[in-house]
Amino acid sequence: MTITETKSPTPPTRRARRNGPVVAAALGVYRFFHMKKVGLLLILALSILALIGVLFPQVSPALRADPEAYQSWVLDQRVRYGGWTAVLSFIRAFSMFSSPAFTIVVTLLAISIIACTVHRLPLLWRQAVHPRLHASERLFDRSRLRATLEVPLPPEEATQRARQLLSRMRFRVLDDPRGPGANLFADRNRFAPFGTVAAHLAFVLILLGVLVSGSSGFREGQFTVAVGSDRDIGHGTGMNVEVLSFADTYQADGRPKDYVSEVILRQDGQQVARQEVRVNEPLRHDGVKINQAFFGVAADMRIESADGDVLFDRGLPLEWTSEDERLSYSSFRLDQPDVLIYVVAPSSGQVVDSIAPGQVRVEVYPGEEDVPAATEVLTQGQPMEIEGLTFTFEREQKFTGLMVSRDPGAPWVWVGSILLLVGTYLTMGLRYHRVWVRVTPHGDTSIVRIGCPDRIDLAFEPRFRQLEKELAQPRPPETEG
């Protein structure tokens with residue numbers, strides 16, 4: 001009778017428990033993201049999105065946040081892009097660097113870089129700490145750099161001499177106990193390959209910096225404030241900028257020498273800073289930076305209702321220019337009554353027959369109308385009633401153009417940039433080199449075979465040939481001179 005032994009089912013092993021459905025799914029995602037093709041496709045997608053962002057004008061975050069102002073801006077783009085304007089607006093071509101598509105691609109690329117780095121780390125560690133010591137005959141036959149020479153020394157002395165020469169060249173030398181003959185493994189700059197890890201980490205930090213700045217930062221390149229006026233920065237900062245004065249000075253030949261604005265910065269109604277701001281001397285507070293950028297002409301305007309209530313009383317920067325660059329203008333909207341008002345003046349150095357020096361033209365558009373209800377020319381200091389409102393052009397003065405920004409991702413980008421330089425130096429400046437040496441007896445002499453299978457390095461090849469030359473010399477290295 002044959003007795004068949006049956007084994008009871010064994011409990012799941014620790015490894016089996018680890019490879020549950022959740023872990024298996026995570027490993028699948030990990031394997032997907034460390035594929036080179038996936039990384040290349042994400043880099044291509046990011047390049048296309050970045051190219052779109054460079055080719056098309058990018059609207060400011062403040063303008064994008066105001067639906068009415070943004071639609072007006074988009075309508076202005078129809079002159080250039082025609083019927084494609086609506087499509088470009090829909091795909092966020094005018095705000096590409098803060099679009100969901102850009103954010104998603106950057107995030108996926110960062111994940112891909114991390115996965116590739118994690119996948120490569122164990123190999124780099126084994127290569128640096130536990131390298132493969134033994135080399136087959138094939139390596140000595142096919143290495144890019146190889147040499148076979150007869151050394152007039154016994155095998156033990158030839159091996160020792162090879163060890164000394166390699167150590168003098170700053171190689172780490174390890175013994176391979178396997179035969180045939182005596183075998184040495186030597187490597188130099190063994191931690192240099194970790195430069196790729198530093199470079200990958202640098203890219204991740206830079207991408208994170210871009211995401212952080214795109215999601216919680218802002219940049220206003222044309223933040224204009226008339227002298228004597230103030231303006232809220234917005235973007236949830238609770239900050240307000242007041243310009244006390246502006247001065248511009250020039251060299252004897254007419255070249256600009258200095259632009260400086262004296263500003264007061266308030267946060268939640270409390271003064272937090274007062275400083276003279278220049279191009280290279282910004283005011284910094286709570287992550288917000290204010291730089292001097294440009295300047296121009298402003299018109300002090302006062303508007304009163306029929307009941308004598310003051311509806312508008314401040315300097316209006318004429319920051320925009322007409323297509324022929326002859327006119328400077330700006331606009332603002334009153335809520336009660338609902339009118340859009342344009343103020344127009346000749347640009348600096350331009351002569352316009354219909355607007356004399358000391359005058360501005362006012363155009364009043366009711367509601368959303370495209371045709372002005374009234375157009376009048378105001379003379380400085382002379383009130384005029386237009387559409388039931390009293391307009392007074394009080395005086396002409398200067399405005400300052402500031403660049404206001406908050407870039408919370410900048411530290412990440414700086415750290416990433418430094419890491420990128422370090423990684424590039426380690427990878428390109430300190431190349432990793434490996435050399436295998438095999439010494440076999442040949443009568444009273446030794447046959448020494450040297451092989452270096454690493455990719456071609458023109459800077460290292462002379463060192464290899466020098467090693468070959470010195471090994472073939474009859475004198476031991478300590479007597480060489």
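Within every chain, residues take consecutive numbers counted from 1 along the sequence as written. For this predicted model, a pLDDT threshold of at least 70 governs which residues receive local features, and a threshold of 80 or more governs which side-chain atom pairs are given and counted, while totals over whole chains, interfaces and linings are taken from all residues. Excluding hydrogens and water, the side-chain figures rest on all heavy atoms present in the structure.

Participant: Describe the overall build of the protein chain, listing the residues and the values that go with them.
Facilitator: The helix count covers DSSP runs of H or I at least four residues long, the strand count covers runs of E at least two residues long, and both are numbered beginning at the N terminus. If you tally the helices and strands in the protein chain, you get 12 helices and 20 strands. The atom set for the radius of gyration is the C-alpha atoms, and the globule formula is 2.2 Å times the number of residues raised to the power 0.38. Taking 2.2 N^0.38 as the reference for a compact globule, 481 residues should give roughly 23 Å; the C-alpha atoms of the protein chain span a radius of gyration of 37 Å, well beyond that estimate. Expressed as lengths along the three principal axes of its C-alpha atoms, the size of the protein chain is roughly 115 × 90 × 45 Å. We call a residue buried when its accessible area falls under 20% of the maximum for its residue type, exposed when it is over 50%, and partly exposed in between, using a 1.4 Å probe and counting protein chains only. Here the protein chain, with 481 residues, has 39% of them falling under the buried criterion. Accessible surface is estimated by sampling points in the Shrake-Rupley manner with a 1.4 Å probe; for residues, cover comes only from the protein chains shown. Accessible surface, the protein chain: about 28000 Å² in total, of which carbon and sulfur atoms supply 57%. In this charge count, Lys and Arg are treated as positive and Asp and Glu as negative; neither His nor the chain ends contribute. Charge positions are represented by NZ for Lys, CZ for Arg, CG for Asp and CD for Glu. Taking the average location of the 53 positive side-chain charges in the protein chain and that of its 54 negative ones, the two points are 20 Å from each other.

Participant: Any chance you could break down the pairing of strand β7 (residues 256-267) for me, citing the residues and the numbers?
Facilitator: The criterion for strand pairing is that DSSP finds at least two bridges linking the strands in question. Sheet topology places strand β6 (residues 239-250) next to β7; 11 bridges connect them, and they run antiparallel. Bridge pairing in β7 links E242 to I264. Looking at chain direction, β7 and strand β8 (residues 270-277) are connected through 7 bridges and run antiparallel. Bridging from a neighbouring strand, L265 pairs with A273 of β8. Between β7 and β8, which follow one another and run antiparallel, lie 2 residues, and D268 among them has a positive phi close to 55 degrees.

Participant: Before we move on, could you go through the pattern of salt bridges and cite the residues and values that matter?
Facilitator: Pairing between side chains of opposite charge can happen when their charged atoms approach one another. What counts as a salt bridge is simple: a side-chain nitrogen of Lys or Arg found within 4 Å of a carboxyl oxygen of Asp or Glu. Applying the stated criterion across every chain yields a total of 20 salt bridges. Taking the shortest distance from any N to any O, the salt bridge between R449 and E137 comes out at 2.4 Å. On the criterion of sequence distance, the pair formed by R449 in strand β20 (residues 445-452) and E137 in helix α8 (residues 137-142) is long-range, its members being 312 residues apart. Judged by its relative accessible area of 16%, R449 falls in the buried class. E137 gets classed as partly exposed once you look at its relative accessible area, which sits at 34%. Within the structure, one salt-bridge network assembled from shared partners comprises E137, D141, R438 and R449.

Participant: A description of the sheet that holds strand β1 (residues 145-151) should follow, citing residues and the corresponding values.
Facilitator: One open sheet accounts for 5 strands, arranged β1-β20-β19-β3-β2; its pairing is antiparallel. Pairing within the sheet leaves two strands with one partner each, and these edge strands are β1 and β2 (172-176). Taken over all neighbouring pairs, the strand axes of this sheet differ in orientation by 20 degrees on average, direction set aside. With 5 bridges connecting them, β2 and strand β3 (residues 182-188) associate as antiparallel partners. The partner of R172 across the bridge, within β3, is D187. The contact rule is simple, with two residues in contact once any of their heavy atoms fall within 4.5 Å. Axis lines are fitted through C-alpha atoms, for helices just across the contact stretch, and the angle between N-to-C directions can take any value from 0 to 180 degrees. The sheet contacts of helix α9 (residues 155-168) involve β1, β2, β3, β19 (433-442) and β20, and relative to β19 the element is tilted by about 165 degrees.

Participant: Residues and numbers for the sheet that holds strand β12 (residues 320-321), please.
Facilitator: With respect to topology, 5 strands assemble into an open sheet ordered β12-β13-β14-β15-β16, the strand pairing being antiparallel. Among the strands making up the open sheet, the edge pair consists of β12 and β16 (374-379). In the sheet, strand β13 (residues 327-334) pairs with strand β14 (residues 339-346) via 8 bridges, with the strands oriented antiparallel. Its bridge partner being in β14, S328 is matched across the sheet by A345.

Participant: Would you mind going over the side chain of H134 in detail, with residue names and values included?
Facilitator: Inspection of the secondary structure puts H134 in the loop between α7 (100-129) and α8. A distance of 2.7 Å separates polar atoms of two side chains, one belonging to H134 and the other to D176. Dropping the residues within four chain positions of it, H134 is found in contact with D176, R178, G179, W436 and R438. Here a polar contact is recorded for every N or O atom pair within 3.5 Å, except that within protein the pair must consist of a potential hydrogen donor and a potential acceptor, and residues adjacent in sequence are included only if both atoms are side-chain atoms.

Participant: Quick rundown of α7? Include the residues and the values.
Facilitator: By definition here, a helix of n residues has an expected span of 1.5 Å times n minus one. Look at α7: 43 Å from first C-alpha to last across 30 residues, which is about the 44 Å you get at 1.5 Å a residue. A residue's bend is given by the angle between axes fitted to the 7 residues ending at it and the 7 residues starting at it. The sharpest bend along α7 comes to roughly 30 degrees, located at R120, with the proline P122 sitting one to four residues further on. Residues of α7 that are buried sit in contact with α2 (21-33), α3 (36-55), β2 and α10 (195-216).

By themselves these figures say nothing about function.
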